Every structure is written in C-alpha cells, then in structure tokens.
Amino acid sequence: MEEWDGQKESEGEIDLVKLGQHIWSRRSFIAKMTGVFVVLGLLIALLMPVEYESSSTMLIEEQEAESGVSQIMQRFGLGAISTGTSEGLPSTLYPEIIKGLPFQMNLIGKEISFAQLDTTVDAYTYFNTIHEPSAFDYIYKYTIGLPWQIKGLLFGDGKEKLTVNYSSSLSFKESLNKVYNIGGDTLKPVSALSNRITVTAEGNLLEVVAEMPDPLAAAEVGQNTVELLKEYIKGYKTKKATSNLEYAQRQLESAREEFETAQQHLAEFKDSNINIATATAEIQLQRLQSEYELAFNVFNSLALKVEDLKLKVQEETPTFTVIHPFEVSSSPSQPNTELIIFISLFFGFFLSIAFVIGRMIWKEVFLKSNRRSLTKNSK
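Note that the structure is a prediction, hence the values are computed from the model and not measured.

(A) Structural detail: the packing of aromatic side chains. Enumeration over the complete set of coordinates arrives at ten aromatic pairs. Where phenylalanine 103 meets tyrosine 232, the ring centres are 5.2 Å apart and the plane angle is 75°; that geometry is what we call edge-to-face. On the criterion of sequence distance, the pair formed by phenylalanine 103 in helix H6 (residues 101-107) and tyrosine 232 in helix H12 (residues 215-237) is long-range, its members being 129 residues apart. We classify phenylalanine 103 as buried; its relative accessible area is 1%.

Given below as structure tokens:
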C-alpha cells in the first residue's frame, strides 16, 4: 500500500532537473519565439507616432489675507471696510480646471507654431485639418477598435455634429457663462489636445507637461496652458472680491453723479443769493449744504471702499514663480524604442518558457494519467 502511495505521489510531481533539461533542449524554440516578439516590438516602435514633450515646474505662492499695504491703509483709517479673508482654492483642483470644457474650448483657439511645418495655426485647425493619424493609429482603429467602428456605422454616435464656435479671447467670466452645445466629431480635436496635457499639483508645486508631434508646438501648448490656467485660477480665487469690486464701482459712479448734482445746486444757489437776508433763504442754503455734505461723505466712503476692494483682489491673486521653464526638446519622448524592445524581449522570453513548461506538464501529468485510466478500464 505504501509503495502504491509513493508511486502515485511521484506521478504527480515534476522533476526539476528533468524540467531544466527539457527547457534547455527547447532553447532553439525559445530563442525563435523571443526573436519574434522583439521584431514585433520593433515594428510597434517604428509605427508609433513621434511625440515631443515639454514640461514646466512652478511654485504657487498664496498672498496673505492682509498685505502690508492694506495694514498701512487701515492704520491711517483708509481701509475701514473689512472684506474678510481670502477663500482658498486647493491645488488638487487645478487638474480639474484643465479638464473643464470652458478651459479646453478657450485653449484650443490659441495659436501655436510648428517648426517642422513652418506654420502657425490654432490647435483646433491643426487637429481637424492638418494632423494625420499614424500607421499605428490606423492599425489600432481597425483591429482593437473595430467593434466601436462597426457600432458607429450601424447606430451612429448618438450626438449631433455641430460646428465648433471656439474663441481664445473669452474672459474667465464669459467662458463660464457660455453655453456649449457640441458633440460627435467636433469633440475629437478638443479631446486630442486635452489628452496631451498633464497637470500635477502637489502642495505649492505645479507641474505642467505638454506633448505634441512638434517640439516647438509642445513648448507653446504648455505655455498657453499655464497662462490660461493663471487667468482661470485668478478668476476662481478672486471671483467674490471682483464681484464686490464691480458692484462698489457702480455704486461709486452713482454717488459721484449725486455728489456733483448736489455740488452744482449749492453753487447755483450761492451765485444767485450773494446777500442772504431772509430766513427762508438761510434754511434753503443749510438744506443744500447738508445734501452736499451727505453726498460728499457717501462718495468719499465708496471711493475708500473701491480702493480697499482693489487691494483685496490683489491680495487674493496667487503668484506663480517659474522654477523650470518650458524648453524646446531636441529628442522625441515617444516612441521609447529601448523600453519597447526590452518589454518585448521580457514577454517573449518568459511566455515561450511558460509555453514549454505548460506543454511538458500537459504531456507528463495529464496525458499519462489519462492513459493509465484507460488501461485500468480496459482490464
């Protein structure tokens, strides 16, 4: 009985020495399979589109709630109207601003230069009419992406194809108040540009990476992104203070008109009543004088408030200090031929070994066990 159990146990085990000898005997097959994978990796590297990368690192310095100028004005009674503390905007939200459609539609309308094409066009025109997909894109489209192509032909994409009305001159407020009604193929250039921009925020450090088929275009896209991002961050952080400032400025203009009107009435009355001899004229003069002083006090208070709110906007505006500026790259970032060949070599080598081991296990264990079971059944 013990001999039978030992024999059964040995049948289920794999001899490592024998396994090593079998792998060595199949070295020619392993080398061929590895070579096939390396060739495939080399073809992928040759067919992949060439991309250039440009990056910049900045330090975001937040202004204090009360700057030195504001404190001096308050010390002399020029900033008596309190505007509260600055409302923070977490740096982790900066990548979300980039993903927003208002930001993308504003960015895609900005012109960029292409050194290889010797032309300057906006990003939408480039991706919509100039940029041509690579051979790798076509292969991917009609292999892995073939089911989606068939679905699009049979059922459509479910979105109306409209003409994109983009503008690079929209202000922060205008871009947020604008209604965007786009879909279908019109979103493809927008997605093509947004997918090439990466924003990473960690603490007070902000890194922006842009990737384009042209080295100069990559640097300019990154610079355009930073400049527009500054405007949007300033708009978000100073939105309340700017709204208060605009309202105070409108009130100041109204108070200015009332003050000038009261001043004019008082001057006209004094010119026509040089020698005041009656009590009625005296009362009229006092009334006009009171209206003038009241209008002046309101106008003066609003003028101080407007100046205070201007300082508030300045205090809430973050400062961007460039640590590493955008540079025009001299070598492409993609394709990384060395990495692709190494990965192909790694997968080809280990997959071929796995195939050899799996085939050996199948022959040694499963096929032999099936033969024994057939032999016992025949007996």
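Moving on, there is more to tell.
(B) Broad picture of the side chain of serine 113. Locating serine 113 in the fold gives a position in strand E2 (residues 111-114). One polar contact links serine 113 to threonine 120, side chain to side chain, over a distance of 3.2 Å. Every residue in contact with serine 113, bar those within four places of it in the chain, is listed here: Thr119, Thr120, Asp214, Leu216, Ala217 and Glu220.

(C) Broad picture of the pattern of salt bridges. Across all of its chains, the model carries six salt bridges by this definition. As a salt-bridge pair, arginine 287 and glutamate 291 come within 2.8 Å of each other at their nearest N and O atoms. Highlighted residues: arginine 287 and glutamate 291, both in helix H14 (residues 279-316), separated by four residues, approximately one helical turn. What makes arginine 287 partly exposed here is its relative accessible area of 39%.

(D) Representation of the pairing of strand E1 (residues 52-61) in the model. Residue alternation in E1 divides its side chains into a buried set, Tyr52, Ser54, Ser56, Met58 and Ile60, and an unburied set, Glu53, Ser55, Thr57, Leu59 and Glu61. In this structure, E1 lies alongside strand E5 (residues 205-212), joined through eight bridges in antiparallel fashion. Directly across from tyrosine 52, in E5, lies its bridge partner methionine 212. As judged from the five bridges shared by E1 and strand E6 (residues 319-324), these two strands associate in the antiparallel manner. Bridge pairing links glutamate 61 to threonine 319 in E6.

Here is what the cut-offs are and how they apply
- Residues numbered from 1 in each chain as written.
- Predicted model: local features only at pLDDT ≥ 70, side-chain atom pairs only at ≥ 80, totals over all residues.
- Heavy atoms only, no water.
- Phe/Tyr/Trp six-rings, centres within 6.5 Å; stacked < 30°, edge-to-face > 60°.
- Helix = DSSP H or I, 4+ residues; strand = E, 2+ residues; numbered from the N terminus.
- Buried < 20%, exposed > 50% of the residue type's maximum accessible area, 1.4 Å probe, protein only.
- Polar contact = N/O pair within 3.5 Å; in protein donor to acceptor, adjacent residues only side chain to side chain.
- Contact = heavy atoms within 4.5 Å.
- Salt bridge = Lys/Arg side-chain N within 4 Å of Asp/Glu carboxyl O.
- Pairing = 2+ DSSP bridges.

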